[in-house]
Amino acid sequence: MKQTSKAISVYLAGVLYILMSMNHPMAGEQKGESDLDRRVTELLGRMTVAEKIGQMSQVNADGDKIPGELRAALKAGEIGSILNQVNVDVVNEMQRIAVEESRLGIPLMMGRDVIHGFRTVQPIPLGQAATWNPELVQKGARAAAVEAASTGVNWTFAPMIDISRDPRWGRIAESFGEDPYLTGVLGAAMVKGFQGDDFSQPGNIAACGKHFAGYGASESGRDYNTTNIPENELRNVYLPPFKAAVDAGLATIMTSFSDLNGVPASGNRFLLKQVLRDEWQFDGFVVSDWASIEQLSVHGFTANDREAAYEAASAGLNMEMATSAYASHLPELLDEGRVSMAELDAMVADILRIKFRMGLFEDPFTDPSDYPAIANEGHLAIAEQLARQSIVLLENRNHTLPLAKEALGSLAVIGPLADDPYEQLGTWIFDGDPAISQTPLKAIRQLLGDRVSVEYVRAMETSRSRSTAGFDEAVQAARAADAVVVFLGEESILSGETHSRADIDLPGKQNELLTALHQAGKPVIAVILAGRPLTLGDIIDDVDALLFAWHPGAMGGPAIADILFGVEPPSGKLPATFPLMVGQAPIYYAHKNTGRPATPEKFTHMDDLPVRMPQSSWGFASFHLDAGYEPLYEFGYGLSYTEFVYSDIEVSDSKIEMGEEITVQAVVRNEGRVEADEVVQLYVRDLVGNVTRPVKELKGFQRIRLKPGESRRVSFVLGPNDLAFHGRDMSLITEPGDFHVWVGGSSNAELQTAFTLVAEQSRSSN
Ligand code: NOJ
């Protein structure tokens, strides 16, 4: 279908607003926006109540046929959006019915979970976060958008920007981890990747920030569980990524399933009205999560679906996903005057505005031949680059890695995740194609060629197997080889929605397998594929090197092989803290200091405690008797094959006035023998606040590449807003006082300086 013929067919349908639109460009200028408002108002003025409520209804329709009932509903203009349809012919037919057969010809939003790639699966979002590379994440989202758009999908339910500080929660896999700043930067990058500068252009699709808000704080990491988040913490930690995404032009937002402080998100007026609309002036629309309006009653917040529809509509929730509380009950709520026509119109207008901005009225149809081939080389290269930069080197004793290809005669490759095209893809891969996957085993064989013999033993059927029947064969292979690379972790199904775990050790008998391999006496390199941070304390003595590869996606194999053999040094950094023991969760670097912070002097492990507590004041500090107070690997951590040394930290001024910028600089030097990337991180501590401030907060980062011996002065500018926080009365404030600042390669950075922020008048008196 050519653009013009499509436009003409819509034109011929005789819809007045199409005629209007032909004279008026849409994309964002003042004039365009006021034309847009006129178009919305004009269209709204012609809609019946049923048509308005239709726009607020999203229906799941994933079959290859359009059932008669659905066809009739589309024709009657009673559906605003479809989810889960990716057969382009069916999509086009649905759009045709909506546009040509319904009275007002309003096109459909076609929603789909395009979470980390489409057909070409990229690393899970938590892995993408480990790249600390917003430009690359943006490219990944663009590639996913183009593939999805070629099937008629015009709306993705991503990015997921829930702050996730509990690795038990299965949905941490879909997130960018624990930090508000990193999540905000990467969330905004994904929004730009999906939507482009002007999302009416082909290949751009609407993004959806989710889940608003606080879902990641689910008690005990159990999915859908209650959250209790004080407003101050909500504003300082959980909401900033959403604000960053809104500022980046985010079109839509999805409410969370969860109950926030007693008011489930889908009926939460504070979140949806006060914060989103009044404070942030968000002018996109809000969609519920699957059945989350009807679930207001299951929460015990409303008595029935009618009341649930009332609460959601009164909160301004624009569109209902999958269920029909709105369709069934909004008419009577209107009749009773409990929901006003003005409220209804405002909710529908938000949806129409996005549809106009998306250019759907001009061109709702999809011709796959307008798009590049799915899983083309460019998209595979982006997936590979994301995977390569996401891999984190956690341990590397005696420079075990990189393996020297030339010095290797034979290699044992062991483990259930070495050669499983599906399991390396991770959660949410509805449209992914495992046939595209290049497994680590295949990539290692390819890289080594015929000269090195590679013996593969799966050893366990799945990561969860409790049988040790395959261990002997694995150990024999290990004994016969020069080195052992063992692929362990979690299958895809062990993380993602609903798939939380209370124990985050390597499942099954994997620890025992590692111990057996270690005893074979050859260097053991463990590569972990998983959807969450795991507790790895028990295995580190059994490995010589440890790589964490997340679920790396279709191109995980070549990416891992390149890192193993030093084609590229590892450069991923942890976007979430790795606890020593699961009982430490939730655990995160940006914690508060407490009144009794732990220090090495104050901590005694329970094994060393006397039988009775001494009378002295020894040890009254915040720690666990068995786990101490530090994680196994801190946020921002990740080794390289080279060594980066940080020095010469300085601030542009030791005193700045309120409203001024300050520049922080430090020198990074590559003291090793290989060229490599380093993610340079900037942390700040506000020493005193009218509400207590975290011990460290990430405020900037840069990925740089240095040759051996090369050094670079890296510069960060902190503006007034970077030092602001929501204080006791919830307003955003910047307070005068002392700040510490660190630059380094992880949140344990030691290179530190300080500056003072003074109120304007006090500077002159100095
Ligand atoms: C439920 C999930 O919570 C949400 O993230 C997803 O987008 C919807 N289902 C649609 O599949």
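Our structure's up above, just so we're on the same page.
Residues numbered from 1 in each chain as written. Predicted model: local features only at pLDDT ≥ 70, side-chain atom pairs only at ≥ 80, totals over all residues. Heavy atoms only, no water.

A word on the site of the ligand. Residues in contact with the ligand, as listed here, are Asp113, Phe157, Arg171, Lys210, His211, Met254, Phe257, Asp289, Met321, Trp428 and Glu497. In this structure, Asp289 approaches the ligand through a side-chain N or O atom, which is 2.5 Å from an oxygen atom. When the ligand sits alone it has 300 Å² of accessible area, and the protein chains cover 95% of it. Partitioned by chemical class, the residues of the shell around the ligand number five nonpolar, one polar and five charged. (Near = heavy atom within 4 Å. Polar contact = N/O pair within 3.5 Å; in protein donor to acceptor, adjacent residues only side chain to side chain. Areas by Shrake-Rupley, 256 points an atom, 1.4 Å probe, with all protein chains shown as cover. Nonpolar A, V, L, I, M, F, W, Y, C, P; charged D, E, K, R; others polar.)

What follows is about the packing of helix H9 (residues 180–195) against helix H11 (residues 240–247). Two elements in contact, H9 and H11, have axes separated by 8 Å at closest approach and are oriented at 30 degrees. As judged from the angle between their axes, H9 and H11 are roughly parallel. In this structure, the crossing between H9 and H11 has a hand that is right-handed. On H11, the residues touching Pro180, Thr183, Gly184, Ala188 and Val191 of H9 are Pro240, Pro241, Ala244 and Ala245. Tallied by class, residues from the contact of H9 with H11 come to seven nonpolar, two polar and no charged. (Axes fitted to C-alpha atoms, helices over the stretch in contact; angles between N-to-C directions. Helix = DSSP H or I, 4+ residues; strand = E, 2+ residues; numbered from the N terminus. Parallel < 35°, antiparallel > 145°, perpendicular 65-115°, else oblique. Left-handed = near helix turned anticlockwise from the far one by under 90°. Contact = heavy atoms within 4.5 Å.)

So, about the pattern of salt bridges. Enumeration according to the criterion identifies 42 salt bridges in this entry. Salt-bridge contacts for Arg168 lead to Asp166; the nearest nitrogen and oxygen are separated by 2.7 Å. When sorted by exposure, Arg168 lands in the same class as Asp166, which is buried. Residue Asp283 is joined to Arg357 by a salt bridge in which the shortest nitrogen-to-oxygen separation is 2.7 Å. One end of the pair, Asp283, is in the loop between helix H12 (269–279) and strand S9 (285–287); the other, Arg357, is in helix H16 (residues 341–357), and 74 residues separate them in sequence. Under the relative-accessibility criterion, Asp283 is labelled partly exposed at 34%. Ionic contacts of the salt-bridge type, sharing partners, join the residues Arg71, Lys75, Glu93, Arg96, Glu100 and Glu101 into one network. (Salt bridge = Lys/Arg side-chain N within 4 Å of Asp/Glu carboxyl O. Buried < 20%, exposed > 50% of the residue type's maximum accessible area, 1.4 Å probe, protein only.)

What links the strands of a sheet is backbone hydrogen bonding, and the strands pair in either a parallel or an antiparallel sense. Strand order across the open sheet formed by six strands is S11-S16-S15-S14-S12-S13, with mixed pairing between neighbours. The sheet terminates laterally at strand S11 (392–396) and strand S13 (453–457), the two strands that pair on one side only. When strand polarity is set aside, the average angle formed by the axes of neighbouring strands in this sheet is 15 degrees. Of the pairings in the sheet, the one linking strand S15 (residues 524–529) to strand S16 (residues 545–548) comprises four bridges and is parallel in character. Bridging across to S16, Ile528 finds its partner in Phe548. Against the sheet, helix H18 (residues 440–448) touches strand S12 (410–414), S13 and strand S14 (483–489), its axis set at about 170 degrees to S13. (Pairing = 2+ DSSP bridges.)

Residues Trp155, Phe194, Phe212, Leu271, Tyr326, Leu330 and Leu352 are the most contacted members of the largest nonpolar core, which totals 108 residues. Take this core: its biggest share by element is nine residues, from helix H8 (residues 134–149). Contact partners of Leu352, with chain neighbours within four places excluded, come to Val40, Leu43, Leu44, Met47, Gln55, Ile106 and Phe361. Core analysis: the next-biggest nonpolar cluster, separate from the first, contains 46 residues, Ala459, Phe471, Val486 and Ala526 among them. (Core = buried A, V, L, I, M, F, W, Y, C linked by side-chain atoms within 4.5 Å.)

With respect to the element layout, Thr151 can be found in the loop between H8 and strand S4 (155–156). Engagement of the side chain of Thr151 in a polar contact is seen with the backbone oxygen of Ala148, the distance being 2.8 Å. Once residues within four sequence positions are removed from consideration, Thr151 is found in contact with Val86, Asn87, Val88, Val91, Phe118 and Thr366.

So, on to the side chain of Thr427. Here Thr427 shows up in the loop between S12 and H18. Those residues in contact with Thr427, other than ones at most four positions away along the chain, are His116, Ile124, Ala173, Glu174, Ser492, Ser495, Gly496 and Glu497.

It is worth spelling out the environment of Ser102 at this point. With respect to the helices, strands and loops of the structure, Ser102 is situated in the loop between helix H6 (88–101) and strand S3 (109–112). Judged by relative accessible area, Ser102 falls into the buried class, the value being 10%. Separated by 161 residues in sequence, Ser102 and Val263 place their C-alpha atoms 38 Å apart. Sequence-distant contacts of Ser102, that is, excluding residues within four places in its chain, are made with Leu74, Lys75, Gly77 and Ile97. Of the polar contacts made by the side chain of Ser102, one reaches the backbone oxygen of Ala98; its length is 2.5 Å. A distance of 3.0 Å separates the side chain of Ser102 from the backbone nitrogen of Gly105, its partner in a polar contact.

Our next topic: the packing of H8 against H9. H9 packs onto H8 with a crossing angle of 35 degrees between their chain directions and a minimal axis gap of 7 Å. The crossing of H8 and H9 is right-handed. Of H9, the residues touching H8 (which contributes Pro134, Val137, Gln138, Ala141, Arg142, Ala144 and Ala145) are Val185, Leu186, Ala189, Met190, Lys192, Gly193 and Phe194. When the residues that make up the contact of H8 with H9 are grouped by side-chain class, the tally is ten nonpolar, two polar and two charged.

Per the stated rule, a full pass over the model turns up 22 aromatic pairs. With a centroid separation of 4.9 Å and 75 degrees between ring planes, the pair formed by Trp169 and Tyr215 is classed as edge-to-face. In this pair, Trp169 is assigned in the loop between S4 and H9 and Tyr215 in the loop between strand S5 (208–212) and helix H10 (231–238), connecting sequence segments 46 residues apart. Per residue, the accessibility class of Trp169 equals that of Tyr215, and both read buried. Through a chain of ring-to-ring contacts, three or more aromatic side chains come together here, namely Trp132, Tyr181, Tyr589, Phe635, Tyr683 and Phe701. Note that Arg338 overlies the ring of Tyr310, its terminal NZ or CZ placed 4.1 Å from the centroid. Stacked on the ring of Trp742, the Lys or Arg Lys696 has its end atom at 4.6 Å from the ring centre. (Phe/Tyr/Trp six-rings, centres within 6.5 Å; stacked < 30°, edge-to-face > 60°. Lys NZ or Arg CZ within 6 Å of the ring centre and 35° of its normal.)

For the rest of this paragraph, the subject is helix H15 (residues 325–335). Along H15, the positions that sit buried rather than exposed are Ala325, Tyr326, His329, Leu330, Leu333 and Leu334. Within H15, the buried residues cover an arc of 145 degrees as seen down the axis, which keeps them to one side. Of the residues flanking the end of H15, it is Gly337, one or two places downstream, whose phi is positive at about 80 degrees. (Arc of directions from axis to C-beta.)

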